[in-house]
Amino acid sequence: MQIQAKVRQRVSKSENHRLRKSGKLPAVIYGLNRENFNIEIAMEDVFEVLKKDGPHAIVDINVDGKHENAMIKDIQRDPIDGKVLHVDFERVEGNKKVHTKVPINYTGEDYLKSRGLLIQKEISYVEVDAPADRIPKNITIDLSSITGNYKVTLKDVEIAEEIAIDLSENATIAQIYYLKEEKNQDTVEVQSL
């Protein structure tokens, strides 16, 4: 996907505030031992990229007629309302590997609840090394086949060969517990592994 950008000549808190009020976001492009520079981009373009390709999307940034191939490396948000405040883009080349964080997405949680099971998520993202054009939007873990106490580890997750995750294959990603209700007591007891 391509987004349009302009080089920012002035960099200050008041200028960043003015940009956001006008529907634009301050951003920076860096990496590959080339000059870093500050840019401004339309908020709607960033939201479209995030919706379509996720938080580690590779985009073609047209900066005043010069094209930069870059990955969204970091999105800074307001801690109170979650609004996007700033975006960092890291230049990427072809199929060279990059290091980034990828969120874990759990599916089948409703199934677990219907079976009287609870999930304790140990981690919400993993760090990966992968070719820039092969970074997954997220890593999905399907919980719909689990029927009792269980530890979800990295070896339970299907991952493409060219993606290396910075964890041991026995690392616990989540734990599933059976919720046992005591008939003679008002308390609920959670049985763990």
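This text follows the structure it describes.
As the structure is a computational prediction, the values presented were derived from the model and not from experiment.

**Student:** How should I be thinking about the overall build of the protein chain in this particular structure?
**Tutor:** Within the protein chain, the secondary structure is distributed over three helices and 14 strands. On C-alpha atoms alone, the protein chain measures out to a radius of gyration of 21 Å, which is more than a quarter above the 16 Å that the 2.2 N^0.38 rule sets for 193 residues. By its C-alpha atoms, the protein chain is 70 × 40 × 20 Å across when sized along the principal axes. A buried classification covers 38% of the 193 residues belonging to the protein chain. Long-range contacts, defined here as pairs at least 24 residues apart, represent 62% of the contacts in the protein chain between residues at least 6 apart. For the protein chain, the accessible surface area stands at approximately 11,800 Å², while carbon and sulfur atoms represent 45% of it.

**Student:** What should I look at first to understand the sheet that holds strand β6 (residues 84-91) in this one?
**Tutor:** Hydrogen bonding along the main chain pairs the strands of a sheet, whether they run parallel or antiparallel. Strand order in the closed barrel formed by six strands is β1-β3-β2-β6-β5-β4, and the pairing between neighbours is mixed. Strand-to-strand, the axes of this sheet are offset by a mean angle of 45°, without reference to chain direction. Note that strand β2 (residues 24-30) and strand β3 (residues 37-42) share six bridges and pair antiparallel. From the neighbouring strand, Val28 faces β3, where its bridge partner is Asn38. Contacts from helix α2 (residues 43-53) reach β1 (2-7), β2, β3, β4 (58-63), β5 (66-77) and β6, with the element oriented near 85° to β3.

**Student:** I'm lost on the pairing of β4 in this one. Help?
**Tutor:** Regular strands show a simple pattern: their side chains alternate between the two faces of the sheet. Of the strand pairs in this sheet, β1 and β4 are connected by four bridges, and their pairing is parallel. Each bridged residue has a counterpart across the sheet, and for Gln4 the counterpart in β4 is Asn62. Two elements, β4 and β5, share six bridges in a ladder whose sense is antiparallel. Across the sheet, residue Ile58 finds its bridge partner in β5, namely Met71.

**Student:** What should I look at first to understand the environment of Phe89 in this one?
**Tutor:** Within the element layout of this structure, Phe89 appears in strand β6. Take Phe89: its relative accessible area is 1%, and that puts it in the buried class. Separated by 43 residues in sequence, Phe89 and Ala132 place their C-alpha atoms 12 Å apart.

**Student:** So what exactly am I meant to see when it comes to the pairing of β6 here?
**Tutor:** When you tally the buried positions in β6, you get seven out of eight residues, the bulk of the element. Bridge count for β2 against β6 is four bridges, and the pairing is parallel. Residue pairing for β6: Val28 is matched across the bridge by Asp88. Bridge count between β5 and β6: seven bridges; the pairing is antiparallel. Looking across to β6, one finds that Ala70 is bridged to Arg91. The turn linking β5 back onto β6 is made up of six residues, and Gly82 within it adopts a positive phi angle of 80°.

The rules behind these values
- Every chain is numbered on its own, with residues counted from 1 as its sequence reads.
- Per-residue local features are limited, in this predicted model, to residues with pLDDT of at least 70; the limit for side-chain atom pairs, both in listing and counting, is 80 or more; totals at the level of whole chains, interfaces and linings are taken over all residues.
- Only hydrogens and water are set aside; all other atoms, that is, all heavy atoms of the structure, feed into the side-chain values.
- Runs of H or I in DSSP of at least four residues are treated as helices and runs of E of at least two as strands, each being numbered from the N terminus.
- Two things to know: the radius of gyration comes from C-alpha atoms, and the globule rule equals 2.2 Å times the number of residues to the power 0.38.
- Relative accessibility under 20% of the residue-type maximum defines a buried residue, over 50% an exposed one, and the middle range a partly exposed one, all with a 1.4 Å probe and only protein chains included.
- Any two residues having at least one pair of non-hydrogen atoms within 4.5 Å are treated as being in contact.
- The accessible surface values rely on the Shrake-Rupley method and a 1.4 Å probe; as for residues, cover is taken only from the protein chains in view.
- Pairing between two strands is assigned when DSSP locates at least 2 bridges connecting them.
- For helices, the axis comes from a line fit to the C-alpha atoms of the stretch in contact; other axes are also lines fit to C-alpha atoms, and the angle between any two N-to-C directions lies between 0 and 180 degrees.

So yeah, pure geometry; function would need other evidence.
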